[in-house]
Amino acid sequence: MKKNDDSKTCVAESNEQLIASGDYNRISPTAKLIAYTRQFSDIPFAKEIANITNSQEVLQKLITGSDQKSITEQLHFFSIFAESRYKSTMSTIKRFNIKQVLEFASGLSFRGPIMSDDIDSYVETDLPGIMDIKFDIISKIPEIKKQLEKGNVFFHTANALVYEEIEKTLIHFNPNMHIGIVHEGLLMYLTMKEKEIMAQNCRKLLDKFGGVWITPDLRTKVEMEKLNKYPSGIENIKVLTGRDFNKNCFESDEEIVEFYYNLGFDAKYVPQVDGSYEITCSKNLNIPTEFLNELLPKFRIWTLLLR
Ligand SMILES: C[S@@+](CC[C@H](N)C(=O)[O-])C[C@H]1O[C@@H](n2cnc3c(N)ncnc32)[C@H](O)[C@@H]1O
């Protein structure tokens, strides 16, 4: 870091250096793991997306274990996890009556086209490598292309930690209307310092537009307990991404609330399952009811409002 008398410049430089060394592209293949598991749900386009992206290859690299039972349980875990958080994020957007959505790290999920009848503007963002895959998917699935004809869904590359990149996407929003900032499957990869930088970006956005920040990503160690029973899967993700889920989790709900309070937010959660959706992968994969019932109540969705 360059020595500088101006402490603000010094802090800005150090954040830039941290982001420059973040190697976030290494996280991108996990989008394929999630795409693979979503094919067992009734989420639109999920099966086609899983096929087009050869997501099975990533699954085979990431989900390993000493026996078939452990591999099957991990597939069950990720399938429930991915379907529930996806549907819960969507249901929360509707509950808050949000008509303009900015999604970070949208991966291969395509919630924008799926919600295009319910919203005025939806902007999906992710890193460049994933956006290229998204454009390839759009060219191969005519139903997605059709949804895009309405002209209210947009795709941009943006690192969620870089405000200048996010700012370029704001042309799609009416400045007189609230926005919903959403993301799923991102924060568990980010360190506390990176979470702080991202929160500062979200704060700037909510200062400008008003609205709400919605995410299932604020996880404590308790929520990850079940996954930790499969150490080889966790280790594979760590090696692939260079990121440690366990280190990046919060210790407790109190820690989450305090962390975001200090950054200017009131953070609250409700259970993901709110009666508005079904977990359909459980039937398609014959997941034992006890497994589902043990897991689902642990998942929550958080909403953060400026305080
Ligand atoms: C587990 S995937 C989740 C994708 C998608 N939200 C879903 O649920 O299918 C994690 C995503 O985070 C993206 N990502 C990682 N670091 C990022 C960053 N700094 N800014 C924006 N996106 C990022 C990756 O490219 C990847 O698509």
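Quick look at the overall build of the chain
For step 1, the next point in the chain: Looking only at helices and strands, the chain has 16 helices and seven strands in total.
For step 2, the next point in the chain: Here the C-alpha atoms of the chain give a radius of gyration of 19 Å, agreeing with the 19 Å that 2.2 N^0.38 yields for 307 residues.
For step 3, the next point in the chain: Taken along its principal axes, the extent of the C-alpha atoms in the chain is 60 × 45 × 35 Å.
For step 4, the next point in the chain: When each of the 307 residues of the chain is scored for burial, the buried share is 39%.
For step 5, the next point in the chain: Residue pairs in contact within the chain that sit at least 24 positions apart in sequence constitute 78% of those at least 6 positions apart.

Some remarks on the sheet that holds strand S3 (residues 153–157)
For step 1, the next point in the chain: Strands sit in the order S3-S2-S1-S4-S5-S7-S6 across an open sheet of seven strands; the sheet is mixed. Looking at which strands have only one partner, the edges of the open sheet turn out to be S3 and strand S6 (265–271). Ignoring which end each strand starts from, the neighbouring axes of this sheet average 20 degrees apart.
For step 2, the next point in the chain: One ladder, built from three bridges, connects strand S5 (residues 211–215) with strand S7 (residues 300–306); its direction is antiparallel. Directly across from Thr215, in S7, lies its bridge partner Trp302.
For step 3, the next point in the chain: Against the sheet, helix H7 (residues 128–140) touches strand S2 (121–126) and S3, its axis set at about 145 degrees to S3.

A short note on the site of the ligand
For step 1, the next point in the chain: Near the ligand, the surroundings consist of 21 residues, among which Tyr24, Ser28, Ala105, Gly107 and Gly185 are the closest.
For step 2, the next point in the chain: Of all the elements, helix H2 (residues 30–38) adds the most residues to the shell around the ligand, at three residues.
For step 3, the next point in the chain: Grouping the amino acids of the shell around the ligand by side-chain chemistry returns 12 nonpolar, seven polar and two charged.

Remarks on the nonpolar core
In globular proteins that are soluble, nonpolar side chains generally tend to be buried together.
For step 1, the next point in the chain: By size, the foremost hydrophobic cluster in this structure holds 68 residues, and its most contacted members are Ala35, Val101, Ala160, Ile181, Leu186 and Cys202.
For step 2, the next point in the chain: No other element matches helix H5 (residues 68–95), which puts eight residues into this core.
For step 3, the next point in the chain: Beyond its immediate chain neighbours, meaning those up to four positions away, Ile181 contacts Leu102, Cys202, Leu205 and Trp213.

So, unusual backbone geometry
For step 1, the next point in the chain: Positioned with a positive phi, Ala105 is a non-glycine residue whose angle comes to about 50 degrees.
For step 2, the next point in the chain: For Ala105, the location among the structural elements is in the loop between strand S1 (100–103) and helix H6 (111–114).
For step 3, the next point in the chain: The phi angle at Phe110 is positive, at roughly 55 degrees, despite the residue not being glycine.

As for helix H4 (residues 55–62)
Owing to its 3.6 residues per turn, the α-helix brings residues three or four apart onto one side.
For step 1, the next point in the chain: Along H4, the residues classified as buried are Ser55, Leu59 and Leu62. Angularly, the buried residues of H4 cover 75 degrees about the axis, an arc narrow enough to put them on a single face. Projecting away from the buried face of H4 at angles above 90 degrees are the exposed residues Glu57 and Gln60.
For step 2, the next point in the chain: In this structure, the buried side of H4 is in contact with H2, helix H3 (46–52) and helix H12 (231–241).

Definitions and limits used
- All chains use their own residue numbering, which begins from 1 and follows the written sequence.
- Residues qualify for local features only when their pLDDT is at least 70, as the model is predicted, and side-chain atom pairs are given and counted only at 80 or more; totals for whole chains, interfaces and linings, by contrast, use all residues.
- We count a stretch as a helix when DSSP gives it H or I for four or more residues in a row; a strand needs E for two or more, and each element gets its number in order from the N terminus.
- Here the globule rule reads 2.2 Å times residues to the power 0.38, and the radius of gyration is calculated from C-alpha atoms.
- Any residue with 12 or fewer other C-beta atoms within 10 Å of its own C-beta is exposed, any with 20 or more is buried, and the rest are partly exposed; the C-beta atoms used are placed from the backbone.
- Any residue pair is listed as a contact if its two C-beta atoms, each placed from the backbone, are within 7 Å.
- Any two strands with at least two DSSP bridges between them are considered paired.
- The convention used is that axes are lines fitted to C-alpha atoms, helices contributing only their stretch in contact, and that angles between N-to-C directions extend from 0 to 180 degrees.
- Proximity of a residue to a molecule or strand is defined by its backbone-placed C-beta atom lying within 6 Å of that partner.
- The classification used treats Ala, Val, Leu, Ile, Met, Phe, Trp, Tyr, Cys and Pro as nonpolar, Asp, Glu, Lys and Arg as charged, and all other residues, Gly among them, as polar.
- The nonpolar core is taken to be a set of buried Ala, Val, Leu, Ile, Met, Phe, Trp, Tyr and Cys residues joined by way of C-beta atoms within 7 Å.
- The arc refers to the directions leading from the helix axis to the C-beta atoms.

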